[in-house]
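The lines below spell out each chain.
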Amino acid sequence: MPKAIRIHEHGDAAVLRWEPVELSPPGPGEVRLRQTAVGLNFIDVYIRSGLYPAGELPAILGMEAAGIVEALGEGVTHLTVGDRVAYPMSPGAYAQARNIAADKLLQLPETVSERQAAAIMLKGLTAHYLLFRSYPVQPGDSILVYAAAGGVGLLLVQWAKHLGARVIGCVGSDEKAELARANGCDEIILYRRESIPERVRALTAGEGVAAAYDSVGRATFMDSLDSLRPFGVMVSYGNASGPVEPFNPGILATKGSLYFTRPTLATHIATRALLEEGAGRLFEAVGDGKLHIQINQTYPLAEAARAHADLEARKTTGSSVLLP
Ligand SMILES: NC(=O)c1ccc[n+]([C@@H]2O[C@H](COP(=O)([O-])OP(=O)(O)OC[C@H]3O[C@@H](n4cnc5c(N)ncnc54)[C@H](OP(=O)(O)O)[C@@H]3O)[C@@H](O)[C@H]2O)c1
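Model, not experiment: these values are computed from the prediction.

Reading guide: rules and limits
- Residues numbered from 1 in each chain as written.
- Predicted model: local features only at pLDDT ≥ 70, side-chain atom pairs only at ≥ 80, totals over all residues.
- Heavy atoms only, no water.
- Pairing = 2+ DSSP bridges.
- Helix = DSSP H or I, 4+ residues; strand = E, 2+ residues; numbered from the N terminus.
- Axes fitted to C-alpha atoms, helices over the stretch in contact; angles between N-to-C directions.
- Contact = heavy atoms within 4.5 Å.
- 1 Å grid on protein atoms, 1.4 Å probe; cavity = no way out; pocket = protein on both sides within 12 Å on 5 of 7 lines; lining within 4 Å.
- Points joined across faces, edges and corners; volume = space filled by probe spheres on them.
- Nonpolar A, V, L, I, M, F, W, Y, C, P; charged D, E, K, R; others polar.

**Student:** I'm lost on the sheet that holds strand 11 (residues 187–190) in this one. Help?
**Tutor:** Hydrogen bonding along the main chain pairs the strands of a sheet, whether they run parallel or antiparallel. Taken together, the six strands give an open sheet; going across it, the order is 11-10-9-12-13-14, and neighbouring strands pair in parallel fashion. Unpaired on one side and paired on the other, strand 11 and strand 14 (259–261) mark the two borders of the sheet. Between one strand axis and the next, the sheet turns by 15° as a mean value, whatever way the strands run. Contacting strand 9 (142–145), strand 10 (166–171), strand 11, strand 12 (209–214) and strand 13 (228–236), helix 5 (residues 196–203) runs over the sheet at an angle of about 160° to strand 11.

Structure representation (structure tokens):
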């Protein structure tokens, strides 16, 4: 039997259990995958802790992985055994093998390894929709990017630079500042010791940024609003510090007729056409050298608890990959 990381209850990283799981043959429309690399994402922490619903317990954690097609279910015609594939967002990824709907899978180009795919599918598709849809970045825009040395952050910064933005990155340490700069941040705010709105106003001649891509949530919500230019866009896409508290929409008026959006990747890849569009652009950006993939931590999948603890303690940079 393959092994997987499951939770039987919500809690801290100690609730992760490495245990054998049943795996039936793939059903109609499904394939069986031997997984070779699994992505670590902050959403895995939210599901583990109970902030986001996990469905019925016990549940296999994880959203994103890459691997090799090992068996085809009835009716699957566009894939063959031996294909290298990956997926960004299908619950049950922390496993050595699994069944998965074939239409959730993308075939990997030769330029992208399975480890790289596990590092960028969820995070890179997120960077894509943030920059092309939530607020389409224009050349010359100043934008604010939180956790700029993180998994999504490093991809977002690199891509935004290629789109011609001036990127102001918020980071939690001097080492992260160096990494964020090396990846294209024009300006850095060390937001654990500097005031974000004050620094943004100083860096933008008082105007503010066109968009704030805020993945930190509760701790930075008001700072983001206070850093925007009139008609600026607040893209609240994560809760690393906890979820944003309910707020009176009137503050969007008083702070400059601001726009607020709270997107999720799930909507942005809900159809096969959307998934293929985003993945096409992502693989192209990697192939063109616009995005340099940084896997700065790897862990045995069996030690996912250690990976979760590091992610939550802000110890990681770039992407982390779990190896089954
Ligand atoms: N809505 C969506 O579609 C979507 C999709 C993907 C990811 N996300 C969100 O994007 C964010 C980044 O995800 P990721 O997987 O790439 O993680 P990550 O950015 O690699 O790691 C999280 C980072 O957040 C920062 N942070 C600030 N306050 C924190 C706190 N109280 N606890 C822990 N970290 C804190 C830390 O960077 P510093 O030390 O530099 O502050 C930390 O390294 C997460 O909030 C995630 O939920 C959202």
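What follows continues from the structure just given.
**Student:** In this structure, what is going on with the sheet that holds strand 4 (residues 59–60)? I would like to understand it.
**Tutor:** With antiparallel pairing, three strands are arranged side by side in an open sheet as 2-1-4. In this open sheet, the two strands that pair with only one neighbour each are strand 2 (16–20) and strand 4. Examined bridge by bridge, strand 1 (residues 3–7) and strand 4 share two bridges and lie antiparallel to one another. Its bridge partner being in strand 4, arginine 6 is matched across the sheet by isoleucine 60.

**Student:** Explain empty space enclosed by the protein to me, please; I cannot follow it from the model alone.
**Tutor:** Empty pockets left among the atoms are what a rolling probe the size of a water molecule brings to light. Scanning the model with the defined rule gives one cavity of 30 Å³ or more in all. One number sums up the size of the largest cavity: a volume of about 40 Å³. Looking at the largest cavity, the residues that line it are Ile120, Gly151, Leu154, Leu155, His292, Ile293, Gln294, Gly318 and Ser319. Take the lining of the largest cavity: its biggest share by element is three residues, from helix 3 (residues 151–162). Here the lining of the largest cavity is built from residues that sort into four nonpolar, five polar and no charged.

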